[in-house]
Amino acid sequence: MRRSRSMAGPEIAHIQESLDVDRRTSADSEGTDSSVSASVDQLGHGHFFVKKSFHKPSYCHHCADMIWSLIGVPGYVCEVCNFVAHDKCMKNVVSPCSSLAAALIKNPVPHCWSDFIHVKRKFCNVCRKRLDDMWCFRCEICDYYVHSECQEFAASNCRECATYTPGKDPSQIIQYHHWTEGNLLNNAKCALCRKSCWSSECLTGYRCAWCTTTAHAACHKNLPQECDFGPLKKIMLPPSVVTIPRTELPMETIVGVLSYKKARDRDIREKEQKEKDPKEKERGEATLLSPRAAISDDLSSSTGNLNGKDSSGESSSSKERKRRKERDREERESEKKERDSQKEERRSKDEDEPDSDAELVKVFDGNSSMRRKVFRTITINRNAPTKEVVEAALRSFYIKDDPSNYYLTEANEAEERTLDPSTPIRSLVKEDTQEKSALFLRYRDKDPNKGFIKVYPGNLKSSQGYKSIPVTSDTTVDDVLEYALRKFGLGTTTKSKYNLIEVTMDNRVTERILTHAEKPWRIMQQIRKESIHQMLKTRFYLQEKEDPHGSSIALFIGNLPQSLSQRQYHGILQTFVGDSNPFVSIGPIYYEYGSVVITYDNNEAAVKAFNSLKGALFEEKNLLVMLLPNIQAQLLDHRDLTPLLVFVNAKSGGCQGQDLIAAFRKLLNPYQVFDVSNGGPLPGLYVFRNIPKYRILICGGDGTVGWVLQCLDNVGQDSVCQTPPCGVVPLGTGNDLARVLRWGTGYTGDEEPMSILKDVIEADEIRLDRWTVVFHPDEKPEGEVKAVAACQVMSNSAAEDNSSMFVMNNYFGIGLDADLALDFHNAREENPEKFSSRLHNKRIYVKMGLRKMVKSRSAKSGSRDLQKEIELEVDGKLIELPPVEGIIILNILSWGAGCNPWGPERDDVFGKPTHWDGMLEVVGVTGVVHLGQMQSGLRSGIRIAQGGHIRIKMKGELPVHVDGEPWNQGSGQVTVLRSALRATMLKKTKIKRRNTMEPRQAAFEAERSSS
Ligand SMILES: [Zn+2]
Ligand SMILES: [Zn+2]
Ligand SMILES: [Zn+2]
Ligand SMILES: [Zn+2]
Ligand SMILES: [Zn+2]
Ligand SMILES: [Zn+2]
């Protein structure tokens, strides 16, 4: 008790006072609920503990052990937040009550909510109950979970990912753990006592959202407070070097979270809704329309009814589905048991409290709640006095305050009628109508003309708590500013540098700068009328006017036409943002990509521009606009850090891309993770442009890797680090480059994202030759080349003549191999949904090969004698070609999803090929059968030549492909020459850290094998 007080600072002490009052009053009114034996002292962090004999196995949220209620050992439960504890643990409880969580926050940081999701075996961080089968939200940054109806009671205590403060001595910057409670991985071990600290039965244990350290509730307070970012410290982008502009734009717009996640989850949800029977559907929709209607107050302890419904779970992959089915069955069984025990509980209750006396009452906490139809439902005994209803209502809104400060009015009447505190609620029940009683919970002003407001120090260099400032209804913001500055010891002469802002810790944390003439006490009274719960989440901050982000706010704009002039880009953007809101600078301009960065010097103008550009149409394309964070790269200089820039193609590999991006956002700083399917690689490269040393991780197919490398080629000269080494997490099919670099054949979801990041830390740097493929057509091109130019992998440099140029990283093919790739490509274009799974892709590829074979056998015209149609010159020497149907020119020794056409054998004629020797290898394929044999590893290709400069004369139209992107190329000359562009890649080291598995990883694997 003593410890918790000193730890929590003045807030706790203050609230504790009001709790003492609360306890006295509530102690008198106990006794209506038979399961509640006695009111006990409130201990720990604001819980309202009552003694309870549990009729089903229950677990202590403090220590995660079972409470032996069944053999007569009572436990305690918090009436407000359902925290359950042993008698022996009561004195040591450190987890704050949900009614207190908001008050404990010093700097509110909003969570970054997912869309509605279904999860299993997770617990709500607000009401601490199971989330199973209820719609819920998850924070994409810190893994905080809430029921949809609990969301508005969530504490805005997300990870702070951009904390740069100008002028702060870098050596003084201390990073603290960011603890989130519960929902730990299976087998999580406590960092202090080394014992298991997770539970599948309740919300227990703590995990640091930065370093992933896990610990018991009691133990985590005894660990050192400082966080070193754990195993990922080398590649973590420290929040102390990042700033984001202070704007009302939600964090998602800056991190770029959600667009696909939302779309995908919505798809799944719709599918599920369709699958459910109509009755279930109705219920699901009712919950959606008015999530709060589903609230069941704990007085009735019957959420089981709602939980009991059956539902399909969260995932879409078949493996997951199977696993889910099993889990569902288990779940249903356990739920049945739970229901049974609850029935029993109710029955035992019924004996001395007949059901007919229980009344369901809707409570609104203000006018705005009434308008929005947001209410809480409480179950109360009809004979209970109004006072008791007030207490129940306060609990249902997670309000911890003296009930005598509140009163009830009737909401259904045209005129609000205050209820007499001594009258039982029974008087409200209209026997003749079916209508449910509805009440307003109102705050009673002790003195409507004066009171206290709390002013918190916002981003001030001092680390003080809030100050209570006496105000009257005439006190202005100006007066408060003066008073607060004096109280914080800042001197009133600096008043012009500060603002008083009103902060509301809603779903999003919203800020509003108050004008000097506004009257804070009146503001508070107004909010109180609208919603009491919102009033408790509103506070005032003394904030320096100067934004730590500085006066350069960058907006990235994409989807503009390519290759315009600077003047043209300027003109287009100026039209969109309007003459009244000009940007201060434009550039860099990425002409090849139709992308531009513009900057503003103040936040308001930037937000205005953001809103006018967002979704704007130009030449039938929606503009893409992103607000970019800033990195203070100078602070990274004297630290041994190599921050990782992560690019994920969320559209690659089915759901894998989306799962990976979510995982990396949680493991790293979300500002270092970018979705290339939403904005491409340029925004990330721009944000990292001043960092002297960093690495890149590209999650996607070979095409994505090529895309990122190509962007690096284009922005290299503008960046301090010109060739950051790139690692690859292969998604989807192909992935020949990833194979060569040992990153595997394709991410399956089996490997834990944490271990991927560790591999990146340990990976070796290796050079990758890059090649330029130039096509000079004989005559005018017939449109095919143009069609290809749109392809993201290749840049079609608009040359004076008709030649086109591509960068090649992997291989270049002419003839048969390209033909097959083209068939495949066309089929995929027509029917993209058929090509989502890797295995399926391979099957189709093989099928097409067979079809080709049949075709070429039946009609000889299908096959080609390529040696007659092309002339090959390597390093100036004409090469005599054997009879072949296709040739493949290789930079890396992997082609066609993992086979080696060159073959492993040593050879007297040719040197050992590598991808950094400045040489290409040329192999021939005799026909479809040969190609098939190569793909199944039975044969290699025919070795034809090796060299650094290749020229091919094509006499007629032939299918070609560069890095697997195929098209038909008209006759002409092709030159392949070494590009000046180099890439440094990361090659995964061979040694596997099996024996030194981290507890987290071990836990993950254990979970995997058990399911
Ligand atoms: Zn315990
Ligand atoms: Zn509590
Ligand atoms: Zn909840
Ligand atoms: Zn969060
Ligand atoms: Zn930590
Ligand atoms: Zn422990």
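Residues numbered from 1 in each chain as written. Chains lettered and ligands numbered in written order. Predicted model: local features only at pLDDT ≥ 70, side-chain atom pairs only at ≥ 80, totals over all residues. Heavy atoms only, no water.

In the nomenclature of an unreviewed UniProt entry, the protein chain is known as Diacylglycerol kinase of Ramazzottius varieornatus. What UniProt records for the protein chain under Catalytic activity (unreviewed entry) is the sentence "a 1,2-diacyl-sn-glycerol + ATP = a 1,2-diacyl-sn-glycero-3-phosphate + ADP + H(+)". On record in UniProt, under Subcellular location (unreviewed entry), the comment for the protein chain is "Membrane". (UniProt positions renumbered as here; feature names shortened; annotations may be inferred.)

### Focus: the environment of Arg-207
For Arg-207, the location among the structural elements is in strand β10 (residues 206-208). Residue classification places Arg-207 among the buried residues on the basis of a relative accessible area of 10%. In this structure, the C-alpha to C-alpha distance between Arg-207 and Asp-143, residues 64 residues apart in sequence, is 9.8 Å. (Helix = DSSP H or I, 4+ residues; strand = E, 2+ residues; numbered from the N terminus. Buried < 20%, exposed > 50% of the residue type's maximum accessible area, 1.4 Å probe, protein only.)

### A few points about the sheet that holds strand β35 (residues 771-777)
One open sheet accounts for 6 strands, arranged β36-β35-β46-β43-β38-β39; its pairing is antiparallel. Bordering the open sheet on either side are β36 (804-808) and β39 (877-879), each of which pairs with just one other strand. The sheet shows a mean angle of 20° between the axes of neighbouring strands, direction not considered. Direction of pairing for strand β38 (residues 870-874) relative to β39: antiparallel, over a ladder of 3 bridges. Opposite Glu-873, over in β39, you have Leu-878 as the bridge partner. (Pairing = 2+ DSSP bridges. Axes fitted to C-alpha atoms, helices over the stretch in contact; angles between N-to-C directions.)

### Focus: the pairing of strand β32 (residues 695-700)
Most of β32 is tucked away, with 6 of its 6 residues classed as buried. Strand direction decides the pairing type here: strand β30 (residues 644-648) and β32, joined by 5 bridges, are parallel. By the bridge assignment for β32, Val-646 is matched with Leu-697. Of the pairings in the sheet, the one linking β32 to strand β33 (residues 726-730) comprises 5 bridges and is parallel in character. Within β33, the residue paired with Ile-698 across the bridge is Val-728. For the segment spanning β32, helix α19 (residues 702-715) and β33, crossover handedness is right-handed. (Right-handed = clockwise from strand over helix to strand, strands pointing away.)

### A word on the coordination of the zinc ion (ligand 3)
The zinc ion (ligand 3) binds to the protein through Cys-124 (SG), Cys-127 (SG), His-147 (ND1) and Cys-150 (SG), with metal-donor distances spanning 2.1 to 2.3 Å. In this structure, the zinc ion (ligand 3) is coordinated by 4 donor atoms arranged in tetrahedral fashion, with angles at the metal of 97 to 115°. (Donors = N, O, S within 2.8 Å, 3.2 Å for Na, K, Ca; no water. Tetrahedral: all angles 85-135°; square planar, octahedral: opposite > 155°, others 65-115°.)

### Re the environment of Cys-139
Considering the arrangement of structural elements, one finds Cys-139 in the loop between β7 (136-138) and β8 (145-147). A relative accessible area of 0% means that Cys-139 is categorised as buried. For the pair formed by Cys-139 and Ala-662, sequence separation is 523 residues and the distance between their alpha carbons is 9.9 Å.

### Observations concerning the packing of aromatic side chains
Applying the stated criterion across every chain, the model contains 24 aromatic pairs. The interplanar angle of 45° and the centroid separation of 5.2 Å between the aromatic rings of Tyr-456 and Tyr-466 together place this pair among those described as tilted. One end of the pair, Tyr-456, is in strand β18 (residues 450-458); the other, Tyr-466, is in the loop between β18 and β19 (467-472), and 10 residues separate them in sequence. By relative accessible area, which is 4% here, Tyr-456 ends up buried. (Phe/Tyr/Trp six-rings, centres within 6.5 Å; stacked < 30°, edge-to-face > 60°.)

### As for the packing of helix α15 (residues 566-577) against helix α16 (residues 603-613)
Running from N to C, α15 and α16 point in directions that differ by 100°, and their axes come no closer than 8 Å. Regarding the angle of α15 to α16, the classification is roughly perpendicular. Contacts between α15 and α16 involve Leu-573, Phe-576 and Val-577 from the former and Ala-609, Ser-612 and Leu-613 from the latter. Of the residues in the contact of α15 with α16, the class split is 5 nonpolar, 1 polar and no charged. (Parallel < 35°, antiparallel > 145°, perpendicular 65-115°, else oblique. Contact = heavy atoms within 4.5 Å. Nonpolar A, V, L, I, M, F, W, Y, C, P; charged D, E, K, R; others polar.)

### Observations regarding the sheet that holds strand β9 (residues 179-181)
As summarised here, the arrangement of the 3 strands in space is β9-β10-β11, forming an open sheet in which the pairing is antiparallel. The open sheet is flanked by β9 and β11 (214-215), the only strands paired with a single partner. The pairing of β10 with β11 spans 2 bridges and is classified as antiparallel. Its bridge partner lying in β11, Arg-207 is registered against Thr-214.

### Things to note about the coordination of the zinc ion (ligand 5)
Summarising the metal site, the zinc ion (ligand 5) is bound by the protein donors His-177 (ND1), Cys-208 (SG), Cys-211 (SG) and Cys-227 (SG), whose distances to it range over 2.0 to 2.3 Å. The sequence pattern describing where the donors of the zinc ion (ligand 5) fall on their chain is H-x30-C-x2-C-x15-C. Taken together, the residues span a long stretch of sequence, with Cys-208 in strand β10 and Cys-227 in the loop between α4 (217-220) and β12 (242-243) at a distance of 19 residues.

### Details of the pattern of salt bridges
With the rule as written, the count across this model stands at 21 salt bridges. Residue Arg-395 is joined to Glu-79 by a salt bridge in which the shortest nitrogen-to-oxygen separation is 3.0 Å. Taken together, the residues Arg-395 in helix α11 (residues 386-396) and Glu-79 in the loop between β5 (75-78) and β6 (84-86) connect sequence positions 316 residues apart. Residue Glu-873 is joined to Arg-951 by a salt bridge in which the shortest nitrogen-to-oxygen separation is 3.1 Å. Placement of the pair is Glu-873 in strand β38 and Arg-951 in strand β43 (residues 949-954), with a sequence separation of 78 residues. Residue classification places Glu-873 among the partly exposed positions, given a relative accessible area of 22%. A network of salt bridges, in which partner residues are shared, links Asp-478, Glu-482 and Lys-495. (Salt bridge = Lys/Arg side-chain N within 4 Å of Asp/Glu carboxyl O.)

### Section: the packing of helix α17 (residues 656-667) against helix α21 (residues 753-762)
Two elements in contact, α17 and α21, have axes whose closest approach is 10 Å; the angle formed by their N-to-C orientations is 70°. The orientation of α17 with respect to α21, classified from their angle, is roughly perpendicular. Crossing geometry of α17 relative to α21 is assigned as right-handed. Facing α17, whose interface residues are Leu-660, Ala-663, Phe-664 and Leu-667, α21 presents Pro-753, Met-754, Ile-756 and Leu-757. Among the residues forming the contact of α17 with α21, the class breakdown is 8 nonpolar, no polar and no charged. (Left-handed = near helix turned anticlockwise from the far one by under 90°.)

### Some remarks on the pairing of strand β24 (residues 585-590)
Strand residues, when the strand is regular, have side chains that alternate between the two faces of the sheet. With 4 bridges connecting them, β24 and strand β25 (residues 595-600) associate as antiparallel partners. If you follow Ile-586 over to β25, its bridge partner there is Ile-598. Here β24 folds back onto β25, and the loop between the two strands holds 4 residues, one of which, Gly-594, carries a positive phi near 60°.

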